[in-house]
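One-letter residues, chain by chain:
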Amino acid sequence: QVQLVESGGGLVQPGGSLRLSCAASGSIFSIDRMDWYRQAPGKERELVAGITSGGSTNYADSVKGRFTISRDDAKRLVSLQMNDLEPEDTAVYYCHVRLRSSIWSQQTEYWGQGTQVTVSS
């Protein structure tokens, strides 16, 4: 069993910053890709940022230059530093991880429970 626990969401004014974190625990042999998605009311869930096991990153065009994704494999942690936040960034943010529970198992996807980010004055 694997658990993903997210933290760091909240209410922030436009132009402010927040840092989201997601910690994985449980039966984990290796973690491959780690991502952050978001879903705003009435919209589909979208990929915000992702990072591979090798450290390669990719970002949605709307957040490039403002958001930074990072990972700490020793702590099984993925973080999203969000700067210069805009009202359009308001959404529920979800951690998404692809991992293997053992050397023999196939890759499995897991989702966090979501954390609310609200950008408003």
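Rules behind the numbers
- Residues numbered from 1 in each chain as written.
- Predicted model: local features only at pLDDT ≥ 70, side-chain atom pairs only at ≥ 80, totals over all residues.
- Heavy atoms only, no water.
- Patch = residues over 30% accessible without salt bridge, like charges linked within 9 Å, V, L, I, M, F, W, Y side chains within 5 Å.
- Areas by Shrake-Rupley, 256 points an atom, 1.4 Å probe, with all protein chains shown as cover.
- Salt bridge = Lys/Arg side-chain N within 4 Å of Asp/Glu carboxyl O.
- Helix = DSSP H or I, 4+ residues; strand = E, 2+ residues; numbered from the N terminus.
- Contact = heavy atoms within 4.5 Å.
- Disulfide = S-S within 2.5 Å.
- Buried < 20%, exposed > 50% of the residue type's maximum accessible area, 1.4 Å probe, protein only.
- Core = buried A, V, L, I, M, F, W, Y, C linked by side-chain atoms within 4.5 Å.
- Pairing = 2+ DSSP bridges.

As a further point, take a nonpolar patch on the surface. A grouping of F29, I103 and W104 is seen on the molecular surface, where their side chains present a nonpolar patch of about 450 Å² in accessible area. Mapped onto the elements of the fold, F29 is located in the loop between β3 (18-26) and β4 (30-39).

Residue placement: V63 occurs in the loop between β6 (57-59) and β7 (67-72). Through-space distance from the C-alpha of V63 to that of D84 is 9.5 Å; in sequence the pair is 21 residues apart. In this structure, V63 is in contact with R38, V48 and D89, ignoring residues within four places of it in sequence.

Okay, the state of the cysteines next. What is meant by a disulfide is a covalent connection between two cysteines, made through their sulfur atoms. According to the stated counting rule, one finds 1 disulfide in the structure shown. One disulfide bridge connects C22 with C95, the sulfur atoms lying 2.2 Å from each other. Between C22 and C95, the disulfide has an S-S torsion of -80 degrees and is therefore left-handed. Of the two residues, C22 is situated in strand β3 and C95 in strand β9 (residues 91-100); the sequence distance between them amounts to 73 residues. In this pair, the class of C22 matches that of C95, namely buried.

Time to look at the nonpolar core. Core analysis: the largest hydrophobic core is formed by 30 residues, its most contacted members being W36, V48, F67, V78, L80, M82 and Y93. For this core, the elements supplying multiple residues, two or more each, are β1 (2-7), β3, β4, β5 (46-51), β7, β8 (77-82), β9 and β11 (115-119). The dominant element in this core, judged by the number of residues it contributes, is β9, at 5 residues. Excluding anything up to four places from it in sequence, V78 contacts L20, S21, C22, M34, W36, I51, I69, S70, R71 and C95.

All right, on to the pairing of β7 then. Of the two faces of β7, the one lined by F67, I69 and R71 is fully buried and the one lined by T68, S70 and D72 carries no buried residue. Relative to β8, β7 runs antiparallel, the two sharing 6 bridges. Paired with D72 across the bridge in β8 is L77. If you look at the hairpin formed by β7 and β8, you'll find 4 residues sitting between the two strands, and R76 has a positive phi there, around 55 degrees.

Of all 10 residues that make up β4, 8 are buried, and the element is covered over most of its length. Where β4 lies against β9, 8 bridges are found, and the strand directions are antiparallel. The residue bridging S30 from the neighbouring strand is R100, located in β9. Pairing geometry for β4 and β5, over 5 bridges, is antiparallel. Across the sheet, D35 pairs through a bridge with G50, a residue of β5.

Right, let's talk about the pattern of salt bridges for a bit. Summed over the entire model, instances satisfying the criterion amount to 9 salt bridges. Between D61 and K64 there is a salt bridge, with its nearest N and O atoms 3.1 Å apart. Between R66 and E86 there is a salt bridge, and its shortest N-O distance comes to 3.8 Å. Taken together, the positions of R66 in the loop between β6 and β7 and E86 in the loop between β8 and β9 put the pair 20 residues apart, joining distant regions of the chain. Each of the salt bridges in this network shares a partner with another, and the network as a whole consists of R38, E46, R66, E86 and D89.

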